[in-house]
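Okay, here's what each chain looks like letter by letter:
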Amino acid sequence: MPSSNAVTSKKIYDARSTKYNETWHPEHAANYILWTQPKPGQHVLDLACGTGLVSIPAKRAVGSTGTVTAVDVSTGMMAIGKESAKEEGLDIEWLEWDMTDMISAKEQGKIRGDYDLITCATALVLLDDPLSALKQWKELLKPGGRIITDAPTEKTTPEGMIFEEIGEELGIEQPSRRLWVKDDKSLKQLFIDAGLEIERSWKAPGYVPGEEYQADEAGELFDKWTGQYFCKAFGEESVREKARSMFVEKFEAAKGAGGVVRGEDAFYMVIGMKV
Ligand SMILES: C[S@@+](CC[C@H](N)C(=O)[O-])C[C@H]1O[C@@H](n2cnc3c(N)ncnc32)[C@H](O)[C@@H]1O
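A quick note: this is a predicted structure, and the numbers were derived from the prediction, not measured. (Residues numbered from 1 in each chain as written. Predicted model: local features only at pLDDT ≥ 70, side-chain atom pairs only at ≥ 80, totals over all residues. Heavy atoms only, no water.)

Let us look at the site of the ligand. N5, Y20, A48, D72 and M99 are the nearest of the 21 residues found near the ligand. In the model, a nitrogen atom of the ligand is placed 2.8 Å from a nitrogen or oxygen of the M99 main chain. A121 has a polar backbone atom sitting 3.0 Å from a nitrogen atom of the ligand. For the ligand, whose accessible area on its own is 590 Å², the fraction buried by protein is 99%. Element by element, the count of residues in the shell around the ligand is highest for helix 1 (residues 4–20), at 5 residues. (Near = heavy atom within 4 Å. Polar contact = N/O pair within 3.5 Å; in protein donor to acceptor, adjacent residues only side chain to side chain. Areas by Shrake-Rupley, 256 points an atom, 1.4 Å probe, with all protein chains shown as cover. Helix = DSSP H or I, 4+ residues; strand = E, 2+ residues; numbered from the N terminus.)

What follows is the structure, encoded as structure tokens:
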């Protein structure tokens, strides 16, 4: 049975697929290749491959003697990736699968068990249990193989963190699960707990300027955001009033100098190795 995250993500990303490549994601994905430098002949597993923004340049890098397996739950996102790969004549193995259940994929012979590199760009924070996912993924690496992934910093999109906190208290599920990201050690610690050796960890700047909001606009911002898909559940009649007052209180508490709530735009990045 697919995880609840997989079901939600499939819906969200199928709907976003046709516009997805117009965002900042291509730039971040290109950096994944710069940071990891896949070599000809290597085997790469791109988890949450989306529209193939990492899979496609990875396949260019590993060439015809290497392989790229691209995994996602969203048929819509992968359809875009398949089309782009076909246009370039790149032979990528596409697999519609829940990335939290990769051991079954291995047992069913759908993927390899000796990857040189596993990539998971901007998707770890969609998972309910990122540690258990990382532990599974480690089992798919050959010794010396590496995993690269990211998490937005705790200060990135502060409103998202606040909606998640409120969601937890009110029992409203959010597509993003970022509350475990407390500081620059959180992602690194997950790798260590999964039994991976840290090859490199760093903070990478994002691709859009961090937002700034006046804390005293919190109520209006709540109204605006609950009109959008991600936060719609907080605008439902039964919870709206409570959620709004919780949001305003937390947003006020997050304000800094001049009554401004500042978001940054940055990622914690880690490359871990199986020893
Ligand atoms: C923000 S996109 C990232 C796509 C790609 N890695 C990139 O950098 O452009 C998140 C992707 O994760 C996928 N996803 C979310 N949960 C998943 C799961 N449990 N298994 C497989 N894919 C998942 C979504 O369908 C979506 O394509």
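Once you've had a look at it, read on.
Our next topic: the pairing of strand 5 (residues 141–152). Of all the 12 residues making up strand 5, 9 are buried; the element is thus mostly covered by neighbouring parts of the structure. In this sheet, strand 5 lies alongside strand 4 (residues 115–120) in parallel orientation, the contact comprising 5 bridges. Along strand 5, the bridge assignment pairs Y115 with L141. Where strand 5 meets strand 9 (residues 266–273), 7 bridges bridge the pair, whose relative direction is antiparallel. Within strand 9, the residue paired with D150 across the bridge is M269. (Buried < 20%, exposed > 50% of the residue type's maximum accessible area, 1.4 Å probe, protein only. Pairing = 2+ DSSP bridges.)

Applying the stated criterion to the full structure yields 16 aromatic pairs. Considering the side-chain rings of W24 and Y207, the 5.9 Å spacing of their centres and the 10 degrees angle between planes classify their relative orientation as stacked. Of this pair, W24 sits in the loop between helix 1 and helix 2 (25–36) while Y207 sits in the loop between strand 6 (197–205) and strand 7 (212–214), placing them 183 residues apart in sequence. On the numbers, 5.2 Å between centres and 20 degrees between planes, the contact of F247 with F251 is stacked. Of the two residues, F247 and F251 both sit in helix 10 (residues 237–253), 4 residues apart, roughly one turn of that helix. Clustering of aromatic rings is evident, with ring pairs tying together F163, Y213, F222, W225, F234, F247 and F251. (Phe/Tyr/Trp six-rings, centres within 6.5 Å; stacked < 30°, edge-to-face > 60°.)

Once that is clear, we can look at helix 1. Of all the bends found along helix 1, the most pronounced is centred on D14 and spans about 40 degrees. The complete set of buried residues in helix 1 reads N5, A6, S9, I12, Y13, S17 and Y20. Looking at the buried side of helix 1, the elements it contacts are helix 2 and helix 4 (75–88). (Bend = angle between axes of the 7 residues up to and from the residue. Contact = heavy atoms within 4.5 Å.)

The N-to-C vectors of helix 9 (residues 218–225) and helix 10 enclose an angle of 130 degrees; their axes lie 9 Å apart at closest approach. If you check the angle between helix 9 and helix 10, you find them oblique. Classified by chirality, the crossing of helix 10 by helix 9 is right-handed. Along the contact surface, helix 9 presents A218, G219, E220, L221, F222, D223 and W225, while helix 10 presents R240, A243, R244, F247, V248 and F251. Looking at the contact of helix 9 with helix 10, its residues break down into 8 nonpolar, 1 polar and 4 charged. (Axes fitted to C-alpha atoms, helices over the stretch in contact; angles between N-to-C directions. Parallel < 35°, antiparallel > 145°, perpendicular 65-115°, else oblique. Left-handed = near helix turned anticlockwise from the far one by under 90°. Nonpolar A, V, L, I, M, F, W, Y, C, P; charged D, E, K, R; others polar.)

Contact pair helix 7 (residues 158–170) / helix 10: the axes reach a minimum separation of 10 Å and the direction vectors enclose 135 degrees. Put simply, helix 7 runs oblique to helix 10. By crossing handedness, the relation of helix 7 to helix 10 is classed as right-handed. Taking contact as the criterion, the partners of E159, I162, F163, E165, I166, E169 and L170 in helix 7 are, on helix 10, K242, A243, M246, F247, K250 and F251.

As annotated in UniProt, the feature "domain: Methyltransferase" (unreviewed entry) corresponds to residues 44–145 in the numbering used here. From the first C-alpha to the last, residues 44–145 spans 10 Å; its make-up is 36% helix and 25% strand. (UniProt positions renumbered as here; feature names shortened; annotations may be inferred.)

We now examine the pattern of salt bridges. Counted according to the given criterion, the structure contains 16 salt bridges. With a shortest N-O distance of 3.6 Å, E96 and K10 are connected by a salt bridge. Within this pair, whereas E96 is found in strand 3 (residues 93–96), its partner K10 is found in helix 1, the two being separated by 86 residues in sequence. Judged by relative accessible area, which is 40%, E96 ranks as partly exposed. Taking relative accessible area as the criterion, K10 reaches 27% and is therefore assigned partly exposed. Put simply, E212 and R262 hold a salt bridge, and the shortest N to O gap is 3.0 Å. Here E212, found in strand 7, pairs with R262, found in strand 8 (residues 260–262); they are 50 residues apart in sequence, far enough to count as distant. Residue E212 is classed as exposed on the basis of its relative accessible area of 52%. (Salt bridge = Lys/Arg side-chain N within 4 Å of Asp/Glu carboxyl O.)

Trans peptide bonds make up most of the peptide bonds, and negative phi angles are found at most residues other than glycine. With a phi angle near 60 degrees, A48 is a residue other than glycine that sits in the positive phi range. Positionally, A48 belongs in the loop between strand 1 (43–47) and helix 3 (55–62).

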